[in-house]
Amino acid sequence: MTTISGLAAHPLLVHFLVALTPLAAILAILCAVWPAARQRLVWLVLVLSLMTAVVTPVVSNSGEWLEGKLEKSELIEKHAALGDTMIYFALALLVAAILLAVVHVRAGRGRTLPTALSAAIAVFVVIAAVATTVQVIRIGHSGAESAWSDALAGTAAEPANGG
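Here we summarise the structure given alongside this text.

Parameters and conventions
Residues numbered from 1 in each chain as written. Predicted model: local features only at pLDDT ≥ 70, side-chain atom pairs only at ≥ 80, totals over all residues. Heavy atoms only, no water. Patch = residues over 30% accessible without salt bridge, like charges linked within 9 Å, V, L, I, M, F, W, Y side chains within 5 Å. Areas by Shrake-Rupley, 256 points an atom, 1.4 Å probe, with all protein chains shown as cover. Salt bridge = Lys/Arg side-chain N within 4 Å of Asp/Glu carboxyl O. Buried < 20%, exposed > 50% of the residue type's maximum accessible area, 1.4 Å probe, protein only. Core = buried A, V, L, I, M, F, W, Y, C linked by side-chain atoms within 4.5 Å. Helix = DSSP H or I, 4+ residues; strand = E, 2+ residues; numbered from the N terminus. Contact = heavy atoms within 4.5 Å.

### Section: a nonpolar patch on the surface
- Together, Ile 26, Leu 30, Val 33 and Trp 34 line one region of the surface with nonpolar side chains, adding up to about 400 Å² of accessible area.
- Of the residues examined, Leu 30 reaches a relative accessible area of 31% and is grouped as partly exposed.

### As for the nonpolar core
- One finds Ala 28, Ala 32, Val 45, Leu 48, Leu 100, Ile 121 and Val 125 to be the most contacted residues of the largest nonpolar core, which totals 22 residues.
- Residue assignment for this core shows that the elements contributing at least two residues are helix H1 (9-33), helix H2 (35-69), helix H3 (74-108) and helix H4 (115-153).
- Considering every element that reaches this core, the biggest residue donor is H1, with 7 residues.
- Leave out the neighbours within four places in its chain, and Ala 32 touches Arg 38, Leu 100, Ala 122 and Val 125.
- In this structure, Leu 82, Met 86, Ala 90 and Ile 139 belong to the second largest nonpolar core, which totals 7 residues.

This is the structure:
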């Protein structure tokens with residue numbers, strides 16, 4: 001998908017990741033550290049993480065299409081390079097969500113995991129969730145820089161109150 005109603009799809013689609021990823025990450029952390037939250041939210045976390053993993057390549061492909069239409073710049077190259085890494089973070093978050101679901105299902109069957117393994121899963125979930133959120137922020141910031149740096153460069157010298 002490259003355009004939506006004549007507009008480049010990338011700036012529109014990217015908002016799915018900007019919203020889905022931190023939401024999935026925060027809920028995953030809650031599920032990792034609070035069993036009562038896991039009972040209620042684990043399947044939502046799994047669905048949100050799966051959606052993040054599915055939407056990431058779509059957003060990346062639309063970004064590559066848009067990159068080909070734009071004049072080359074160091075900022076766009078940086079954004080594209082960071083964007084290419086997002087799939088690995090999205091997959092780590094999906095693995096974390098799957099592990100949470102395994103912990104949940106086993107607990108529901110009365111077959112809890114050993115404490116050390118449960119702790120290791122919780123640590124992995126927190127690390128994956130935080131890393132994925134940080135990467136989305138880094139990618140988004142670099143994208144905003146590449147989109148707006150030229151437009152805002154002319155206004156930086158003007159006084160904020162207009163004169």
